[in-house]
Amino acid sequence: MKIVVAIKQVPARDSQLPISPSGKWIDDADLTYEINEPDAYALEAGLQLKEQHGGEVVALCAGPARAAQTIREALAKGADRAIHIEEDMAAFDPLAAAKLLAAAVKSESADLILTGLQSDDLGYGQTGPILAELLGMPHATIIMQVEKSAAGIRVKRELEDGWFQHVEMALPALLTIQSGFSKLRYATLMGIKKAKTKEVKKLTAESLGVVSGTARIAMDRIYLPERTKRTQLFDGTPKEAAAKLVEKLRFEARVI
Amino acid sequence: MSIVVVMEQRAGQWNRMSFETLAAAQQIAGELGVTASAAVLGHGIEALAGELAGKQVEKIYAIEHELLKDYTPDAYCLALGQFIDRFQPHLLLFPHTYQVRDFLPKLATSRDRVAVSDVIGHRMEGGHPVLVRQLFQGKVNADVRFVGDFPHFASMQAGAYRADQAIAGASTVEVFQPSIAPAQIRTAPQDLFRESQRAVDLGAADIIVSVGRGIKEADNIALVQKLADALGGELAASRPICDAGWLPMERQVGSSGQTVAPKLYLAVGISGAIQHLVGMKGSRTIVAINKDANAPIFEVADYGIVGDLFQVVPELIAAVERAK
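Since the model is a prediction, treat every value here as computed from it, not as a measurement.

**Focus: the overall build of chain A**
Across its full length, chain A holds 7 helices and 13 strands. On the principal axes, the C-alpha backbone points of chain A span a range of 65 × 45 × 40 Å. Across the 256 residues that make up chain A, the buried fraction comes to 46%. Within chain A, residue pairs in contact and separated by at least 24 positions form 68% of the contacts whose partners lie at least 6 positions apart.

**Things to note about the nonpolar core**
Soluble, globular proteins show a tendency: their nonpolar side chains are buried together. Within the largest apolar cluster, 130 residues are counted, with the highest numbers of intra-cluster contacts made by Val5, Ala59, Leu60, Leu101 and Leu175 of chain A together with Ala38 and Leu93 of chain B. With 8 residues, helix 3 (residues 94-105) of chain A is the single largest residue contributor to this core. If sequence neighbours within four positions are ignored, leucine 101 of chain A has contacts with Ala6, Leu60, Ala62 and Leu131 of chain A. Grouped together as the second largest cluster of nonpolar side chains are 53 residues, Ile256 of chain A together with Ile208, Ile270 and Phe298 of chain B included.

**Some words on the interface of chain B and chain A**
The interface of chain B with chain A comprises 67 residues on the first partner and 66 residues on the second. Sheet topology note: the strand 9 (residues 163-169) of chain A/strand 12 (residues 187-194) of chain B ladder contains 6 bridges and is antiparallel. Pairing of tryptophan 163 of chain A across the sheet is with arginine 194 of chain B, part of strand 12 of chain B.

**Considering the confidence of the model for chain B**
Confidence along chain B averages 95 in pLDDT terms, with 99% of residues attaining 70 or more. Listed scores for the predicted complex are pTM 0.91 and ipTM 0.94.

**As for the domain arrangement of chain B**
Residue and element names in this part refer to chain B. Looking at chain B, the domain boundaries give domain 1 (3-184) and domain 2 (202-323). Taken over C-alpha atoms, the centre of domain 1 sits 34 Å from the centre of domain 2. Contact with domain 1, which involves 7 residues of that partner, is made by 9 residues of domain 2. Taken together, the residues of the side of domain 1 that touches domain 2 break down into 1 nonpolar, 5 polar and 1 charged.

**Notes on helix 2 (residues 67-77) of chain A**
Residue and element names in this part refer to chain A. Of all 11 residues making up helix 2, 8 are buried, and the element is well covered by its neighbours. Of the positions making up helix 2, those classed as buried are Ala67, Thr70, Ile71, Glu73, Ala74, Leu75, Ala76 and Lys77. Backbone geometry just after helix 2 places glycine 78 at a positive phi near 140°.

**Focus: the sheet that holds strand 14 (residues 234-237) of chain B**
Reading across from one edge, 13(A)-17(B)-16(B)-15(B)-13(B)-14(B) is the order of the 6 strands in this open sheet, with parallel pairing throughout. Two strands close off the open sheet at either side, each with one partner strand: strand 13 (232-233) of chain A together with strand 14 of chain B. As judged from the 2 bridges shared by strand 13 of chain A and strand 17 (residues 303-306) of chain B, these two strands associate in the parallel manner. When the sheet's bridge partners are listed, leucine 233 of chain A is paired in strand 17 of chain B with glycine 304 of chain B.

**Description of the sheet that holds strand 4 (residues 56-63) of chain A**
One open sheet accounts for 10 strands, arranged 11(A)-5(A)-4(A)-1(A)-6(A)-10(A)-7(A)-8(A)-9(A)-12(B); its pairing is mixed. Edge positions in the sheet fall to strand 11 (200-203) of chain A together with strand 12 of chain B, since each has one partner strand and no second. Adjacent strand axes in the sheet meet at a mean angle of 30°, parallel and antiparallel pairs treated alike. Pairing between strand 8 (residues 153-158) of chain A and strand 9 of chain A: 6 bridges, direction antiparallel. What sits directly across from isoleucine 153 of chain A, in strand 9 of chain A, is methionine 169 of chain A. Along the sheet, helix 1 (residues 37-53) of chain A makes contact with strand 1 (2-7), strand 4, strand 6 (112-116), strand 7 (139-148) and strand 10 (173-177) of chain A, crossing strand 6 of chain A at roughly 150°.

**Focus on unusual backbone geometry**
The amide bond that connects leucine 171 of chain A to the next residue, proline 172 of chain A, takes the cis arrangement and shows omega of 0°. Counting through the fold element by element, proline 172 of chain A comes out in the loop between strand 9 and strand 10. Here the bond from phenylalanine 150 of chain B into proline 151 of chain B is cis, since omega is 0°, no more than 30 degrees from zero. Inspection of the secondary structure assignment puts proline 151 of chain B in the loop between strand 9 (140-146) and strand 10 (152-156). Here serine 109 of chain A, not a glycine, exhibits a phi torsion of approximately 45°, which is positive. Note on placement: serine 109 of chain A falls in the loop between helix 3 and strand 6. The backbone phi angle of lysine 216 of chain B is positive, close to 70°, even though this residue is not glycine.

**Quick notes on the pairing of strand 8 (residues 128-135) of chain B**
Residue and element names in this part refer to chain B. For strand 8, the tally of buried residues reaches 6 of 8 residues, placing the bulk of the element in the interior. For strand 7 (residues 116-125) and strand 8, the ladder comprises 6 bridges, and the chain directions are antiparallel. The residue of strand 8 that forms the bridge with methionine 124 is proline 129. By the bridge criterion, 5 bridges tie strand 8 to strand 9 in an arrangement that is antiparallel.

**Here's the deal with the packing of helix 3 of chain A against helix 4 (residues 127-135) of chain A**
Residue and element names in this part refer to chain A. Between helix 3 and helix 4, the shortest axis-to-axis distance is 9 Å and the interhelical angle comes to 55°. Taken as axis vectors, helix 3 and helix 4 run oblique relative to one another. In terms of crossing hand, the pair formed by helix 3 and helix 4 is right-handed. Within the contact between the two elements, helix 3 uses Pro94, Leu95, Ala97, Ala98, Lys99, Leu101 and Ala102 and helix 4 uses Thr127, Ile130, Leu131, Leu134 and Leu135. Residue composition of the contact of helix 3 with helix 4, by class: 10 nonpolar, 1 polar and 1 charged.

Procedures and definitions
Once a new chain begins, its residue numbering starts again from 1 and follows that chain's sequence as written. As a convention, the first chain written is A and the first ligand written is 1, with the rest following in written order. Totals for whole chains, interfaces and linings use every residue, but because this is a predicted model, local features are given only for residues with pLDDT of at least 70 and side-chain atom pairs only at 80 or more, for both listing and counting. Under the scheme used here, helices are H or I runs from DSSP no shorter than 4 residues and strands are E runs no shorter than 2 residues, and both carry numbers assigned from the N terminus. Exposure is read from a count of other C-beta atoms within 10 Å of each residue's own; the residue is exposed at 12 or fewer, buried at 20 or more and partly exposed in between. C-beta atoms are placed from the backbone. Throughout, a residue-residue contact means that the two C-beta atoms, derived from backbone geometry, are no farther apart than 7 Å. The nonpolar core criterion groups buried Ala, Val, Leu, Ile, Met, Phe, Trp, Tyr and Cys residues into a set whenever they are joined through C-beta atoms within 7 Å. When DSSP finds at least two bridges between two strands, those strands are taken to pair. pLDDT is defined as a per-residue confidence score from the predictor, taking values between 0 and 100. For the domains described, the bounds stem from an automatic or database domain assignment. Residues were grouped as follows: Ala, Val, Leu, Ile, Met, Phe, Trp, Tyr, Cys and Pro as nonpolar; Asp, Glu, Lys and Arg as charged; and all remaining residues, including Gly, as polar. What counts as an axis is a line fitted to C-alpha atoms, over the stretch in contact for a helix, and the angles between N-to-C directions run from 0 to 180 degrees. Orientation labels follow simple angle bins: below 35 degrees gives roughly parallel, above 145 gives roughly antiparallel, 65 to 115 gives roughly perpendicular, and whatever is left gives oblique. Helix crossings get a hand from a simple test, with the near helix turned counterclockwise from the far one by less than a right angle marking a left-handed crossing and a clockwise turn marking a right-handed one.

What follows is the structure, given as structure tokens:
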């Protein structure tokens, strides 16, 4: 089974996110980056399927030069090779971004394309289904399990409120993977060493012949949300804060 | 401008988020001086669609086909594509459900558009809606607007608008029958199921102490269990904790777990991603303990301590014990 896993590099989870002076994006000069967490699960799903059924896992990533680090980590975990579309993605809306990925992945003739269900930065949760539509593939989202079946694959979709559903479809297909799909593996020392020799194909929007085209949506301004609720915060030492909190819970909220 | 809210039903039951989106559509329509219409897809749904006749909508469209009985992205996109061709709506609004997340990006792409997903609010500027959505798991907001021709698509986050603000009125149902062939549907959905009977009913608990990513390691969960015990409450968790297998899935609070509204909800080391907040923000009193003063959990918290949970929680246990 030939599997392409689309991964994204995002600011590390605990990052402080200063708004840039332009108000259009965050000031990312001092940020550290990591793989988008749902994409880490998509990669894990891909690696497990390869281990069960053989084949190849190709990591696909669109992002600036710094994304090379995230790609190397994917290779160290076991991806066989990678495609890096080296672009600053800020100017791309979800459709434009997916067009880039589609152009890069077309010639791969993958059986299965996996990606995380959403990104931790923009959070549109759309790249997967858009890519499927552009490539003319069936898809299913928020997947917790994948197994081979007579027809192709049988997947377990997560629905709201603890419900699940199995869906069957033929290959090629695209799936978006939910966090918690399986435990994540760590890169081994051997894996890290091997990663250095693996192929990373570098592409750009220009080399792919994709122009970002007309944007369909525009993000005019980003800002910190206004607090609508007044939270009573207790400071002082942990002991003092804890004592004040318990007092409030007993005599003001009367819940304990 | 014509606005259509696409309501969601499964096996004849409304998804109640649909009524929040209906309220949003009515509000936006009112601000533009028009009346929104509603649409619902399915098989044998005319009577269900009729339930909307008491709402203030221009028209109710029952998009009716036997191949719409069980949801598939292919059938839904075909049906809605034909609906758009026929009625030319300008703005289509959807509840941001798991189902909508599955088909809306595909539908928008098939019309060469981008849907604005997971909207938490809006305002009008120059006769056009500016939509507000969250970035970075709720830490930052963004103003987004549509560029270019209609139709435009957006999905509204759970809890962003209030279902009880949907305005009453009178309307009639029009049945629209798209043409869909079985061969056009490439996925075969099977019956819905639940993993197991839940042994823990968090919904019945008066006090819930919930733990998140800030706890760092499985072994540390015992500390939060101790706090739950001291308060006589149930232990719960945000999704990452259950994903990691540190607590069973049945203790998960949030959109994919249980929805709770206890008297006291104490969130320890939970940043408050929206998927978690929708499952607990109806709690009467919410307490947050988190090291990041900007964590979105403080958006909904009544009381809070900004600090290291490993220092605060032991002191809190001691203070609760002293108060007994």
